[in-house]
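# Structural description and commentary
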Amino acid sequence: MKTILTTGSNGLLGQKLTEKILAEDRVKLIATSKGANRYPTENGYDYAEMDILNPDQVKSVIEKYKPDAIIHTAAMTNVDTAEANKELCHQLNVDAVQTLLSLCEERDIQLIHLSTDFVFDGADGPYREEDAVNPVSYYGESKVLAEEMLTSSNANWTILRTILVYGITNDTSRSNIVLWAKGALEKGLPINVVNDQWRMPTLAEDLAEACLLAVEKNARGIYHVSGKDYMSIADLVRKVADYWGLDHTIISEISSDSLNQSAKRPIKTGFVLDKTIKDLDYKPHSFEEGLKMVDEQMRKVAS
Ligand SMILES: NC(=O)c1ccc[n+]([C@@H]2O[C@H](COP(=O)([O-])OP(=O)(O)OC[C@H]3O[C@@H](n4cnc5c(N)ncnc54)[C@H](OP(=O)(O)O)[C@@H]3O)[C@@H](O)[C@H]2O)c1
């Protein structure tokens, strides 16, 4: 059985990976994140504190546990924070990847690196893996820089690009579009949503499964991993309202220009999933099925 080390295990994907690995017993897990472990159980895996900005700590954790593969989920993930703090974004999303990449190359460890649809400019989605990148934000640029380091290295690397991930976890530091929309609409709070950005939202469980498939199949290269349904953000929020029977009339459609966000967003992303479906045997859920899973998990937590 392979040993996998995850970074950023307190985050959305990190927690889903822990959940899946504990439930399915396909690999041995070493979960790592900055600070204390926020996953609710400590049984069935090891947890080590590992700040990806601390190369000595990263090296000693990797030397201690000798993983076969590292799934690198930790990153600066807030697009506006990245725009406002480019230096820290570069340290987290580029320099820390170099640290991991060098250690993986020296020790023949597979590095599964998480990237984003924001590497594209959004003029011509949905995108294939080989389409030209052209980021419109610093977050996207930092992810392109990291991808370039991997693709030009001799390490055993895999890049999984993903889009707008949703799902529920325990005590994560951030929400996501589905939880945000459901929460606001349930409280009767009017919300503004953009109707000129198109995405293929990704169920966190599907992304976690793709990460494990990439390890099991020792996949090398770039893979696009998202849900299979393509929609505008306004449609996405309306689907959330429909699923939970919430009031549509408090959803206002606006254009991206009126939002005044510090980072620019690509207009039309979305992925062509053919390569990932064929090579990794990836089977994404529909958005409706994803909402059903989120709903069931929420009911379980509440009961
Ligand atoms: N979520 C999306 O919609 C989306 C879309 C495209 C691509 N991606 C990519 O997918 C990956 C996973 O995203 P996610 O949604 O799981 O992100 P997330 O929920 O924000 O999780 C990232 C985790 O990284 C941890 N972290 C931050 N700085 C760290 C450090 N210095 N050392 C160690 N850990 C650190 C964070 O810790 P704290 O919780 O303690 O802050 C957090 O738990 C990222 O690479 C992201 O760029 C995500």
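Provided above is the structure to which this section pertains.
What comes next is a walk through the structure. Computed from a prediction, not measured in an experiment: that's the story for all the values here. (Residues numbered from 1 in each chain as written. Predicted model: local features only at pLDDT ≥ 70, side-chain atom pairs only at ≥ 80, totals over all residues. Heavy atoms only, no water.)

## Quick look at the overall build of the protein
- Within the protein, the regular secondary structure consists of 10 helices and 13 strands.
- Compactness check: the protein gives a C-alpha radius of gyration of 19 Å against a globular reference of 19 Å for 303 residues, within 12% of the reference.
- Projecting the C-alpha coordinates of the protein onto the three principal axes gives extents of approximately 55 × 45 × 40 Å.
- Burial statistics for the protein: of 303 residues in total, 53% are counted as buried.
- Pairs at least 24 apart in sequence give 79% of the contacts found in the protein among residues at least 6 apart.
- Total accessible area computed for the protein in this model is approximately 13,400 Å², and 46% of it derives from carbon and sulfur atoms.
- Between the mean site of the 33 positive side-chain charges and the mean site of the 46 negative ones, the protein shows a separation of 2 Å. (Helix = DSSP H or I, 4+ residues; strand = E, 2+ residues; numbered from the N terminus. Rg over C-alpha atoms; globule rule 2.2 N^0.38 Å. Buried < 20%, exposed > 50% of the residue type's maximum accessible area, 1.4 Å probe, protein only. Contact = heavy atoms within 4.5 Å. Areas by Shrake-Rupley, 256 points an atom, 1.4 Å probe, with all protein chains shown as cover. Lys, Arg positive; Asp, Glu negative; His and termini not counted. Charge placed at Lys NZ, Arg CZ, Asp CG, Glu CD.)

## Things to note about the packing of aromatic side chains
- Under the defined criterion, the tally for this structure stands at five aromatic pairs.
- Geometrically, the ring pair formed by Phe118 and Tyr139 is edge-to-face, given 6.1 Å between the ring centres and 80° between the ring planes. In this pair, Phe118 sits in the loop between strand E5 (110–116) and helix H5 (138–151) while Tyr139 sits in helix H5, placing the two residues 21 residues apart along the sequence.
- Owing to a relative accessible area of 9%, Tyr139 belongs among the buried residues under this scheme.
- The ring of Trp198 carries Lys268 above its face, with NZ or CZ at 5.3 Å from the centroid. (Phe/Tyr/Trp six-rings, centres within 6.5 Å; stacked < 30°, edge-to-face > 60°. Lys NZ or Arg CZ within 6 Å of the ring centre and 35° of its normal.)

## Quick notes on the packing of helix H4 (residues 86–107) against H5
- For the pair H4 and H5, the least separation of the axes is 9 Å and the interaxial angle reads 15°. Of the possible angle classes, the one that applies to H4 and H5 is roughly parallel. Considering how the two elements wind past one another, H4 and H5 form a crossing that is right-handed. On the side of H4, the interface is formed by Lys86, Cys89, His90, Asn93, Val94, Val97, Gln98 and Leu101, while H5 contributes Tyr138, Tyr139, Ser142, Lys143, Leu145, Ala146, Met149 and Leu150.
- Residue composition of the contact of H4 with H5, grouped by class: 10 nonpolar, four polar and two charged. (Axes fitted to C-alpha atoms, helices over the stretch in contact; angles between N-to-C directions. Parallel < 35°, antiparallel > 145°, perpendicular 65-115°, else oblique. Left-handed = near helix turned anticlockwise from the far one by under 90°. Nonpolar A, V, L, I, M, F, W, Y, C, P; charged D, E, K, R; others polar.)

## What about the environment of Asp121?
- Relative to the helices and strands, Asp121 is located in the loop between E5 and H5.
- Sequence-wise, Asp121 and Gly140 are 19 residues apart; in three dimensions their C-alpha atoms are separated by 9.0 Å.
- A polar atom in the side chain of Asp121 sits 2.9 Å from the backbone nitrogen of Ala123.
- Reaching out from Asp121, the side chain makes a polar contact with the side chain of Asn134 at a distance of 3.0 Å. (Polar contact = N/O pair within 3.5 Å; in protein donor to acceptor, adjacent residues only side chain to side chain.)

## Points about the pattern of salt bridges
- All chains considered together, the criterion is met by 19 salt bridges.
- Across the pair Glu216 and Arg26 runs a salt bridge, and its minimum N-O distance is 2.8 Å. Taken together, the positions of Glu216 in helix H7 (residues 204–216) and Arg26 in the loop between helix H1 (12–24) and strand E2 (28–33) put the pair 190 residues apart, joining distant regions of the chain.
- Glu216 gets classed as partly exposed once you look at its relative accessible area, which sits at 38%.
- Of the residues examined, Arg26 reaches a relative accessible area of 25% and is grouped as partly exposed.
- Residue Glu106 is joined to Arg107 by a salt bridge in which the shortest nitrogen-to-oxygen separation is 2.8 Å.
- A residue is classified by how much of its surface remains accessible, and Glu106, at 58% relative accessible area, is exposed.
- Shared partners join several salt bridges into a network, and the residues in it are Lys20, Glu24, Arg26, Glu209 and Glu216. (Salt bridge = Lys/Arg side-chain N within 4 Å of Asp/Glu carboxyl O.)

## Section: the site of the ligand
- For the ligand, the set of nearby residues contains 26 residues, the closest of which are Arg38, Asp51, Thr77, Tyr139 and Val165.
- Thr73 places a main-chain nitrogen or oxygen 3.3 Å from an oxygen atom of the ligand.
- Contact distances for the ligand include 2.8 Å between an oxygen atom and a side-chain N or O atom of Thr77.
- Elements represented by at least two residues in the shell around the ligand include exactly H1, E5 and H5. (Near = heavy atom within 4 Å.)

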